[in-house]
Amino acid sequence: MTVVTYQTKPTSNQPVVRVLGLTGSLRSQSVNRALMSAAHELKPDDMQIMDHAGLDQLPYFNEDVETEGDPTTVQALKSALHSVDALLIVTPEYNSGVPAVLKNAIDWASRGASLLKEMPVALMSASPSPMGGQRAQLQFRQTLTGIGAHVLPAPDILIGSAPQRFDADLRLSDEPTRKLVARHLVRLRDWTLALGALRLHLKEAA
Ligand SMILES: Cc1cc2nc3c(=O)[nH]c(=O)nc-3n(C[C@H](O)[C@H](O)[C@H](O)COP(=O)(O)O)c2cc1C
């Protein structure tokens, strides 16, 4: 079988794009977690993806708690966001919308000097349904755009009938899907680099 990688070789003057990975499912056999693993495998050479575990350790957002000071798990999330150039969200769809655990993380991260403002973001979703989690992505797009993040435009990566695309070890085995994911990550890299000058300008002007 031919394995399509679509990797690009970094050149000496090409910066590494650092990406924080947030997965919206907490279950061990999650197809979305497996899709994030595939992103690690298929990313371009000049991209690093750091997964942020522990979204389930965040308390429910509460302004009273926030006023007393961010809990350590919130501080860890904000610190992780502070150290990256872009965000990759891989999520299931729950009841036609976004999983609570991810929305909660975004609510925490959006507060204060919002680290999501001007942040380049790529979305991917996987579902057993043929729709592939489209409604969850639409809701994320609405929320993230509302807080000033730059969500990578279409084509959307909606992995429908997801369980059939992974092997027994939860490795993404469907070649057309691997190709889509690899291309999406190249687009995220290019989107992040293209927005870099704008972000720097806005930071200096602030
Ligand atoms: C509470 C709940 C609601 C769900 N609602 C939807 C839905 O609206 N659309 C959909 O495509 N799948 C829905 N599903 C099915 C999930 O897509 C499926 O369980 C998927 O495997 C979850 O992602 P994961 O494998 O990454 O954990 C729902 C599952 C649960 C548990």
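All values reported here derive from a predicted model rather than from experimental measurement. For every chain, the first residue of its written sequence is number 1, and the numbers climb from 1 along that sequence. Selection of residues for local features in this predicted model requires a pLDDT of at least 70, selection of side-chain atom pairs for listing and counting requires 80 or more, and totals for whole chains, interfaces and linings are taken over all residues. To get the side-chain values, take all heavy atoms of the structure and skip hydrogens and water.

### What to know about the side chain of H184
No. 1: Helix and strand labels come from DSSP, where a helix needs a run of H or I of at least four residues and a strand needs a run of E of at least two; each type is numbered from the N terminus. Mapping H184 onto the fold places it in helix α6 (residues 175-205).
No. 2: Judged by its relative accessible area of 4%, H184 falls in the buried class.
No. 3: N or O atoms closer than or at 3.5 Å make up a polar contact, with two conditions inside protein: a donor-capable atom paired with an acceptor-capable one, and, for residues adjacent in sequence, both atoms drawn from side chains. Of the polar contacts made by the side chain of H184, one reaches the backbone oxygen of L123; its length is 3.0 Å.
No. 4: Note on contacts: a residue pair qualifies if any of its non-hydrogen atoms lie within 4.5 Å across the two residues. The contact partners of H184, leaving out residues within four places of it in the chain, are A122, L123, M124, L152, P155 and I157. For the exposure calls, accessible area comes from a 1.4 Å probe over protein chains only, and a residue counts as buried if that area is under 20% of its type's maximum, exposed if over 50%, partly exposed in between.

### Quick notes on the packing of helix α4 (residues 100-109) against helix α5 (residues 134-146)
No. 1: Axis definition: a line fitted to C-alpha atoms, over the contacting stretch in the case of helices. Angles run 0 to 180 degrees between N-to-C directions. Between α4 and α5, the shortest axis-to-axis distance is 11 Å and the interhelical angle comes to 5 degrees. For the element pair α4 / α5, the angle class is roughly parallel. Contacts between α4 and α5 pair L102, K103 and I106 from the former with F140, T143 and L144 from the latter.
No. 2: In this classification, Asp, Glu, Lys and Arg are treated as charged, Ala, Val, Leu, Ile, Met, Phe, Trp, Tyr, Cys and Pro as nonpolar, and every other residue, Gly included, as polar. Of the residues assigned to the contact of α4 with α5, the class counts are four nonpolar, one polar and one charged. Orientation labels follow simple angle bins: below 35 degrees gives roughly parallel, above 145 gives roughly antiparallel, 65 to 115 gives roughly perpendicular, and whatever is left gives oblique.

### Thoughts on the packing of aromatic side chains
No. 1: Note on aromatic pairs: the rings of Phe, Tyr and Trp (six-membered ring only in Trp) are paired at centre separations within 6.5 Å, and the planes decide the class, stacked below 30 degrees, edge-to-face beyond 60, tilted for the rest. Taken as a whole and assessed by the stated rule, the structure comprises one aromatic pair.
No. 2: Where F61 meets W108, the ring centres are 4.8 Å apart and the plane angle is 70 degrees; that geometry is what we call edge-to-face. With F61 in the loop between β2 (47-51) and α2 (63-68) and W108 in helix α4, this pair connects stretches of sequence that are 47 residues apart.
No. 3: Owing to a relative accessible area of 27%, F61 belongs among the partly exposed residues under this scheme.

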